[in-house]
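Each chain, letter by letter, is given below.
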Amino acid sequence: MTRGFRIAAATGLHKGDRPYQQDQVLMLAHPRAHGCVLGIVADGMGGRSGGRKAADQVLMTAQQLFARYTPERDEPAALLRQLLNDAHTVIKLTALSSEQEPHSTVAAFLLNPKGDCAWVHAGDSRIYHFRRGRLVKRTRDHSYVQALVDRGEITAEEANIHPQSNILLGCLGMAATPPPIEVHLIPKMRAGDLLIACSDGLWHYFTPEEMGAVLAEQPPRAAVELLVTEARRRARGTGDNLSLAVLKLEPLPSANSPASDTP
């Protein structure tokens, strides 16, 4: 038997085999509400300055909104929607000073102190929800190949190696269309639950079963290091920037659990 849970978290960031880093990742504990955590991954696009500026704007917007967030009063889904809308507006304004038109994906989750959780995403950065190593749900990519999968024209395995797998149908910073905003609510996270937000530079190299097994068996920091190392190995010198944020709810032993026999 277990009672309650302990929050464990870790982030990882690597430029892969690219000459510069455009991904950004952040894990924030709320300054006033114990047990309230925001995790966010942003994969910037648009040249050395454009992509990095776009990802930076996502994180700065998230920090500003989260600092004003009050779990007892505010809705997490509303904060996440505002995060995407505000960051989208700011990114469009930075286009004038960037090498190319800046864009960014977003994958963000918000855990409240009472255990309810919300997530939002735009683009092909993903969020996975695992329960004791088994996949419960993941986000659906806003990409050309995902549309082909949805229409039954290719399989998910074929999408992963499709030559146009990098084409996005929605993200932040697009001039003509607003970002897609898909919010998912989890009424109650449980001990043994885990969330991972990650860019395509990471998830591209793993099946959900592989990822879930590593995350279930390892503490977050060790799991992050293992996933990054293995993604780099599987990329064989062609890897993209990669980023990930892991949040794990570890079970606490019951007060009635027998004491260890170890002296």
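Residues numbered from 1 in each chain as written. Predicted model: local features only at pLDDT ≥ 70, side-chain atom pairs only at ≥ 80, totals over all residues. Heavy atoms only, no water.

Caption draft 1: Quick look at the overall build of the protein. Secondary structure assignment for the protein yields seven helices and 11 strands. By the compact-globule yardstick of 18 Å for 263 residues, the protein fits well, its C-alpha radius of gyration being 19 Å. Structurally, the protein occupies a C-alpha span of about 65 × 45 × 35 Å along its principal axes. For the protein, buried positions account for 50% of its 263 residues. For the protein, restricting intrachain contacts to residue pairs at least 6 apart in sequence, the fraction spanning at least 24 positions comes to 72%. When the accessible surface of the protein is split by element, carbon and sulfur atoms take 52% of a total near 12800 Å². (Helix = DSSP H or I, 4+ residues; strand = E, 2+ residues; numbered from the N terminus. Rg over C-alpha atoms; globule rule 2.2 N^0.38 Å. Buried < 20%, exposed > 50% of the residue type's maximum accessible area, 1.4 Å probe, protein only. Contact = heavy atoms within 4.5 Å. Areas by Shrake-Rupley, 256 points an atom, 1.4 Å probe, with all protein chains shown as cover.)

Caption draft 2: View of unusual backbone geometry. For Arg132, which is not a glycine, the phi torsion comes out positive at approximately 50 degrees. Residues other than glycine seldom take positive phi values, yet Arg236 does so here, at roughly 55 degrees. On the basis of relative accessible area, Arg236 is assigned to the exposed category, the value being 75%.

Caption draft 3: Structural context of the packing of aromatic side chains. According to the stated counting rule, one finds two aromatic pairs in the structure shown. Ring geometry for Phe66 and Tyr69: centres 6.3 Å apart, planes at 15 degrees, overall stacked. Judged by relative accessible area, which is 2%, Phe66 ranks as buried. Ring geometry for Tyr128 against Phe130: centres 5.8 Å apart, planes inclined by 5 degrees, an arrangement best described as stacked. Of the residues examined, Tyr128 reaches a relative accessible area of 0% and is grouped as buried. Since its relative accessible area comes to 1%, Phe130 is described here as buried. For Arg126, the ring lying beneath its charged end belongs to Trp203, and the centroid distance is 3.4 Å. (Phe/Tyr/Trp six-rings, centres within 6.5 Å; stacked < 30°, edge-to-face > 60°. Lys NZ or Arg CZ within 6 Å of the ring centre and 35° of its normal.)

Caption draft 4: View of the side chain of Asp141. Of note, Asp141 is situated in the loop between β8 (134–138) and α3 (144–150). At 2.8 Å, the side chain of Asp141 and the side chain of Arg126 are in polar contact. Once you skip the residues sitting within four places of it in the chain, Asp141 turns out to touch His121, Gly123, Asp124, Arg126, Gln146 and Trp203. (Polar contact = N/O pair within 3.5 Å; in protein donor to acceptor, adjacent residues only side chain to side chain.)

Caption draft 5: Looking closely at the environment of Met27. Mapped onto the secondary structure, Met27 falls in strand β2 (residues 23–29). Apart from residues lying up to four places away in sequence, Met27 is in contact with Ala9, Ala10, Thr11, Val37, Leu38, Gly39, Phe109, Ala245, Val246 and Leu247.

Caption draft 6: Representation of the pattern of salt bridges. Considering all chains together, one arrives at 12 salt bridges under this definition. Ionic pairing is found between Asp56 and Arg52, a salt bridge with its closest N-O pair at 3.2 Å. One end of the pair, Asp56, and the other, Arg52, are both in helix α1 (residues 47–68), four residues apart, so they sit about a helical turn from each other. The exposure class assigned to Asp56 is partly exposed, which follows from its relative accessible area of 24%. Exposure remark for Arg52: the relative accessible area of 31% places this residue in the partly exposed category. For Glu153, the salt bridge goes to Arg151, with nearest N and O atoms at 2.8 Å. Here the two residues Glu153 and Arg151 agree in accessibility, since each one is exposed. Three or more residues are tied together by salt bridges with common partners; here these are Glu210, Glu230, Arg233 and Arg234. (Salt bridge = Lys/Arg side-chain N within 4 Å of Asp/Glu carboxyl O.)

Caption draft 7: Focus on the confidence of the model for the protein. When pLDDT is averaged along the protein, the result is 92, and 94% of the positions lie at 70 or above. Below a pLDDT of 50 lies the segment residues 259–263, which in the model reaches zero contacts outside its immediate sequence neighbourhood of four places, other chains included. (pLDDT = per-residue confidence, 0-100.)

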